[in-house]
Amino acid sequence: MSSVSSQPQFRYTQPPSKVLHLRNLPWECTEEELIELGKPFGTVVNTKCNVGANRNQAFIEFEDLNQAIQMISYYASSSEPAQVRGKTVYLQYSNRQEIVNNKTTADVVGNVLLVTIEGDDARMVSIDVLHVVFSAFGFVHKITTFEKTAGYQALVQFSDAETATSSKNALDGRSIPRYLLPEQVGQCSLKITYSAHTDLTVKFQSHRSRDYTNMYLPVAPSAIDSTGQVIVGVDGKKMEPESNVLLASIENMQYAVTLDVLHMVFAAFGEVQKIAMFDKNGGLQALIQYQDVQTAMVAKEALEGHCIYDGGFCKLHITYSRHTDLSIKVNNDRSRDYTMPNPPVPMPQQPGQNPYAGNPQQYHAAGGSHHQQQQQQPHPQGGWGQGSMGMGGGHNPYMAPPSSGPMHQGPPGGHMPPQHYGGPGPMH
């Protein structure tokens, strides 16, 4: 794809810098889009969006110089230009070595506050809880939430700077009252500074953004539950909208958890389309994509808090992801797209080495065709049966079953169970 613009995609007049200058960006380009663009080349530690008279320029800062050089070099030699939303983006080294907030906005009084929620469960704090907290000091016009390198943050807009200042002085450094948080959420504190924004742009009412001055604003599909009701409660019962993609965090990893193990566990509730594993905050996390929200809801309710192995090992903590369609570019041991027409061919199973043969109905992923088993069993409850945990009590498949099964207890000493992980090939 060649650029239709007469201006060069790269300028070499500047010496290399960890900060790159991006031009010709689409309108209202977000920080998330910039981070996604730079992610293949390294860690983006800072961004500056919507720069210039047309607000179509930006800066991104990499963790080190080599990552920025790699991005420039790649697109300089690639036939495919850098793109955001299908629009060609022009890259060059910046004449600055780091992104600095020259306006020192944290010290400039304004009507919009930048709130950083601190705590292990910070991202579990809903936008409704934030609205309750800040509404105690005056009418809150708008709230937007997002995740940055600094953590889980929010922008809170008041009518005027005086109200914002009163709120900042009262809440900065304080903890969110316990009675506003669900029982499983730990203590979360607020770090508050002023923002350079004066009027936030909110295009949809959703779990990530809210405009309390415009009741006719469209509601994002992600903010509507399966019954068609808008999620706007302030009682904290519904902390996040349902999604067809689950975010699974694995705690107390006495044994390694592979992609095939995750597929086996989550395929018990329906067809798993994609899985992506990654390391974050010193632990293993994974995104699991189902075809529909309803299947994901059943899987989340049944698996939340359960352990893959008896004895409390590899405990699953599951939330809904904001993603709806994962981008899997290659099938490997960390990511897999099960909808690809030509996935890697697994090695054949050796007789007697399938640890799931004793109970083929418990998991769709155990032997045979995944799609054939889905047609034979009720969906999505077929993997659990009528008396399984999360579906009415009874036998818990995550405790050691009487016969050989997928959730057997591993051997002592911290070694991987040889049968469970030693089997050949992906399970699909």
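Residues numbered from 1 in each chain as written. Predicted model: local features only at pLDDT ≥ 70, side-chain atom pairs only at ≥ 80, totals over all residues. Heavy atoms only, no water.

Under an unreviewed UniProt entry, the chain has the name Polypyrimidine tract-binding protein homolog 2 isoform X1 and belongs to Camelina sativa.

1. Points about the overall build of the chain
Along the chain, the regular secondary structure elements total eight helices and 18 strands. For the chain, with 428 residues in total, the buried portion stands at 47%. The long-range fraction of contacts in the chain, counting pairs at least 24 apart against all pairs at least 6 apart in sequence, stands at 68%. Within the structure as shown, the chain displays about 21,400 Å² of accessible surface, and the carbon and sulfur contribution to it stands at 51%. (Helix = DSSP H or I, 4+ residues; strand = E, 2+ residues; numbered from the N terminus. Buried < 20%, exposed > 50% of the residue type's maximum accessible area, 1.4 Å probe, protein only. Contact = heavy atoms within 4.5 Å. Areas by Shrake-Rupley, 256 points an atom, 1.4 Å probe, with all protein chains shown as cover.)

2. Some points on the pairing of strand β13 (residues 245-251)
With six of seven residues buried, β13 lies mostly within the body of the structure. As paired elements, β13 and strand β15 (residues 283-290) share six bridges and run antiparallel to each other. Each bridged residue has a counterpart across the sheet, and for A248 the counterpart in β15 is A286. Bridge count for β13 against strand β17 (residues 313-320) is six bridges, and the pairing is antiparallel. Paired with A248 across the strands is I318, a residue of β17. (Pairing = 2+ DSSP bridges.)

3. Quick notes on helix α3 (residues 127-135)
The element α3 is extensively covered by neighbouring structure, given that seven of its nine residues are classed as buried. What α3 keeps buried is the set I127, D128, V129, L130, H131, V133 and F134. Residues of α3 that are buried in the fold lie against β8 (112-118), β9 (140-148), β10 (151-158), α4 (161-171), β11 (189-194) and β12 (209-211).

4. A few points about the packing of aromatic side chains
Throughout the structure, instances matching the rule amount to six aromatic pairs. Judged by centre distance (5.0 Å) and plane angle (80°), the rings of Y74 and Y75 are edge-to-face. Residue classification places Y74 among the partly exposed positions, given a relative accessible area of 43%. One aromatic cluster is present, built from ring pairs that chain together F41, Y74 and Y75. One Lys or Arg, R96, reaches over the ring of F59 and ends 4.3 Å from the middle of that ring. (Phe/Tyr/Trp six-rings, centres within 6.5 Å; stacked < 30°, edge-to-face > 60°. Lys NZ or Arg CZ within 6 Å of the ring centre and 35° of its normal.)

5. Structural notes on helix α6 (residues 293-303)
Within the span of α6, buried status applies to T295, A296, A299, K300, A302 and L303. For α6, the secondary structure elements touched by its buried residues are β13, α5 (259-266), β15 and β17. Sitting at the amino-terminal end of α6 is D292, which places a side-chain oxygen 3.3 Å from the backbone nitrogen of Q294. Of the residues flanking the end of α6, it is G305, one or two places downstream, whose phi is positive at about 85°. (Polar contact = N/O pair within 3.5 Å; in protein donor to acceptor, adjacent residues only side chain to side chain.)

6. A look at the sheet that holds β9
One open sheet holds the five strands; their spatial order is β11-β8-β10-β9-β12, and the pairing between them is antiparallel. Edge positions in the open sheet fall to β11 and β12, since each of these has one partner strand only. Strand after strand, the sheet turns through a mean of 20° between neighbouring axes, direction not considered. Sheet topology places β8 next to β11; six bridges connect them, and they run antiparallel. If you follow E118 over to β11, its bridge partner there is S189. Lying on the sheet, α3 is in contact with β8, β9, β10, β11 and β12; it crosses β9 at an angle near 130°. (Axes fitted to C-alpha atoms, helices over the stretch in contact; angles between N-to-C directions.)

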